[in-house]
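Single-letter residue listing:
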Amino acid sequence: MFTLAHLSDPHLGPLPRPKFRELFSKRIMGFTNWTVRRRGRHDMACLAAITKDLLAQHTDHIACTGDLAVIGLDAEFMPARSFMETLGTPEHVSLIPGNHDAYVRSTAQHSQLHWAEWMTGDGERPKDDPFFPYIRRRGPIALVGLSSAVPTGFHSAEGRLGKTQSRALTEILDGLGKEGLFRVVMIHHPPTGTGDVFRRLTDARRIKRALLRSGAELVLHGHNHKHERATLLGRDGPVPIVGVPSASIGPSDRHPGAYNLYNIDGEPGRWSCELVSRGFGFGDREIKERNRCMLVEPAKAAA
Ligand SMILES: [Fe+2]
Ligand SMILES: [Fe+2]
């Protein structure tokens with residue numbers, strides 16, 4: 001059995017003090033929002049407790065689906081690198097960026113500068129090759145990392161996959177399917193929508209089309225800061241799409257901090273995948289198992 005952990009959206013604090021000139025952008029809104037509303041919700045002591053519990057599970061691999069930063073200040077990226085080092089080595093942890101990691105144009109590439117080791121596929125990346133999609137093979141699974149993180153205008157937390165990534169994704173999923181691997185796709189924005197037009201994946205149809213045409217065994221996302229589950233029917237059967245709450249939100253919130261574990265077993269055409277959610281409860285500071293269910297059962301996968 002292979003166990004994969006998934007956490008997302010830590011929105012690491014404390015936020016470094018912005019330079020005056022850094023606030024002449026969309027950041028002024030994000031900074032105000034963080035100071036007035038969000039700073040109190042993302043609690044680094046809660047994140048430390050969640051991380052400790054996750055690391056105690058000794059999983060085979062960890063997937064992190066972005067939003068490490070808050071407003072994409074220069075000074076946010078190195079502390080976030082320390083957070084990644086706490087999670088584990090690049091061999092053991094895979095990362096993709098979220099919209100807050102590409103908050104403004106001037107630092108939109110900083111995640112690739114500072115966190116590259118956790119966002120690179122197996123083998124050496126040819127010099128001018130795009131970072132995404134990347135592929136990592138670990139035991140029976142293959143992780144495919146996508147980026148939907150693009151700088152956007154005021155009031156927007158939208159994401160975009162783009163034609164190049166979605167075309168590559170179709171080919172990659174086809175190839176990995178032929179290799180008989182359990183394909184896990186990571187993307188920050190939910191492919192199935194957010195209910196908020198300003199927070200959506202604008203070209204969600206592209207990833208849906210790739211999943212329909214080529215299939216996948218699991219899609220992981222963050223962004224909405226809550227537990228979410230949806231299913232798309234892919235070429236090789238149902239594709240579960242699962243979102244996880246922010247890892248740094250405390251128990252007083254309606255969507256307390258959590259992470260998910262996936263226990264993956266079986267073989268091509270007969271995969272099983274069990275989902276175990278661990279985290280805080282509403283008003284309950286104890287981190288424990290909150291849900292356990294089968295996402296994929298061998299009989300259904302084979303059907
Ligand atoms: Fe987020
Ligand atoms: Fe996000």
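Calculation notes
- Residues numbered from 1 in each chain as written.
- Chains lettered and ligands numbered in written order.
- Predicted model: local features only at pLDDT ≥ 70, side-chain atom pairs only at ≥ 80, totals over all residues.
- Heavy atoms only, no water.
- Pairing = 2+ DSSP bridges.
- Helix = DSSP H or I, 4+ residues; strand = E, 2+ residues; numbered from the N terminus.
- Axes fitted to C-alpha atoms, helices over the stretch in contact; angles between N-to-C directions.
- Parallel < 35°, antiparallel > 145°, perpendicular 65-115°, else oblique.
- Contact = heavy atoms within 4.5 Å.
- Nonpolar A, V, L, I, M, F, W, Y, C, P; charged D, E, K, R; others polar.
- Salt bridge = Lys/Arg side-chain N within 4 Å of Asp/Glu carboxyl O.
- Buried < 20%, exposed > 50% of the residue type's maximum accessible area, 1.4 Å probe, protein only.
- Patch = residues over 30% accessible without salt bridge, like charges linked within 9 Å, V, L, I, M, F, W, Y side chains within 5 Å.
- Areas by Shrake-Rupley, 256 points an atom, 1.4 Å probe, with all protein chains shown as cover.
- Core = buried A, V, L, I, M, F, W, Y, C linked by side-chain atoms within 4.5 Å.
- Donors = N, O, S within 2.8 Å, 3.2 Å for Na, K, Ca; no water.
- Tetrahedral: all angles 85-135°; square planar, octahedral: opposite > 155°, others 65-115°.

**Q** Before we move on, could you go through the sheet that holds strand S1 (residues 2–7) and cite the residues and values that matter?
**A** Hydrogen bonds along the backbone pair up the strands of a sheet, which may run parallel or antiparallel. Taken in spatial order, the six strands make up an open sheet running S3-S2-S1-S10-S11-S12, and their pairing is mixed. Of all the strands in the sheet, the pair left with one neighbour each is strand S3 (93–95) and strand S12 (284–296). In this sheet, adjacent strand axes meet at a mean angle of 20° when their direction is disregarded. Bridging between strand S2 (residues 61–64) and S3 involves three bridges; their strand directions are parallel.

**Q** So what about the packing of helix H2 (residues 44–55) against helix H3 (residues 77–87)? Which residues, and what values?
**A** Relative to each other, H2 and H3 sit at 30°, their axes nearing to 10 Å. With respect to each other, H2 and H3 are oriented roughly parallel. Residues Leu 47, Thr 51 and Leu 55 of H2 pack against Phe 83, Thr 86 and Leu 87 of H3. Across the contact of H2 with H3, the residue classes break down as four nonpolar, two polar and no charged.

**Q** An account of the sheet that holds strand S8 (residues 228–234) is needed here, citing residue identities and associated values.
**A** With respect to topology, six strands assemble into an open sheet ordered S4-S5-S6-S7-S9-S8, the strand pairing being mixed. Each end of this open sheet is capped by a strand with a single partner; those strands are strand S4 (134–138) and S8. For this sheet the average axis-to-axis angle between neighbouring strands, irrespective of direction, equals 20°. Relative to strand S6 (residues 182–186), strand S5 (residues 141–145) is paired through five bridges, and the arrangement is parallel. Paired with Leu 143 across the bridge in S6 is Val 184. Sitting on the sheet, helix H6 (residues 204–214) touches S6, strand S7 (218–221), S8 and strand S9 (237–243), and the angle it makes with S8 is about 55°.

**Q** If you had to explain the pattern of salt bridges to someone new, which residues and values would you point to?
**A** Inspection of every chain in the model, using the stated rule, returns 18 salt bridges. Between Asp 236 and Arg 183 there is a salt bridge whose closest N-O contact spans 2.7 Å. Taken as a pair, Asp 236 in the loop between S8 and S9 and Arg 183 in strand S6 lie far apart in primary sequence, 53 residues in all. Two residues, Asp 203 and Arg 206, come together in a salt bridge whose shortest N-O distance is 3.0 Å. Just as Asp 203 is buried, Arg 206 falls in that class too.

**Q** Give a detailed account of a nonpolar patch on the surface, specifying residues and quantitative values.
**A** Taken together, Ile 28, Met 29 and Phe 154 make up a surface patch of nonpolar side chains, about 260 Å² in accessible area. Following the sequence through the fold, Phe 154 ends up in the loop between S5 and helix H5 (163–179). Given the relative accessible area of 46%, Phe 154 is considered partly exposed.

**Q** Kindly report on the nonpolar core, identifying the contributing residues and their values.
**A** Counting 50 residues, the largest nonpolar core has Leu 4, Leu 7, Leu 68 and Tyr 262 as the members making the most contacts within it. Broken down by element, the residue count for this core peaks at five residues, all from H3. Residues in contact with Tyr 262, not counting those within four places in the same chain, are Phe 2, Thr 3, Leu 4, His 6, Leu 218, Leu 220, Val 242, Cys 273, Glu 274, Leu 275 and Leu 295. Counting residues in hydrophobic clusters, the runner-up holds 21 residues, among them Ala 142, Leu 173, Val 185 and Ile 241.

**Q** Report on unusual backbone geometry, specifying residues and quantitative values.
**A** Residue Pro 14 follows Gly 13 across a cis peptide bond; omega there is -5°. Mapped onto the fold, Pro 14 is located in the loop between S1 and helix H1 (27–38). A cis amide bond links Phe 132 with the next residue in sequence, Pro 133, at an omega value of -5°. Examined against the element boundaries, Pro 133 turns out to sit in the loop between helix H4 (110–114) and S4. One non-glycine residue with positive phi stands out, namely His 11, at about 40°. Here His 11 is to be found in the loop between S1 and H1. Here His 11 falls in the buried class, since its relative accessible area comes to 0%. Positive phi is not limited to glycine here, since His 58 has a value of about 45°. By the element assignment, His 58 lies in the loop between H2 and S2.

**Q** Tell me what's going on with the coordination of the iron ion (ligand 1), and back it up with residues and numbers.
**A** The coordination sphere of the iron ion (ligand 1), as far as protein atoms go, consists of Asp 9 (OD), His 11 (NE2), Asp 67 (OD) and His 225 (NE2), spread over 2.1 to 2.3 Å. Here the iron ion (ligand 1) binds four donor atoms, and the angle range of 86 to 169° at the metal identifies the geometry as irregular. Between the iron ion (ligand 1) and the iron ion (ligand 2) the interatomic distance comes to 3.5 Å, and Asp 67 is a ligand of both metals. Of this pair, Asp 67 sits in the loop between S2 and H3 while His 225 sits in the loop between S7 and S8, placing them 158 residues apart in sequence. His 225 matches Asp 67 in its accessibility class, with the two residues each being buried.

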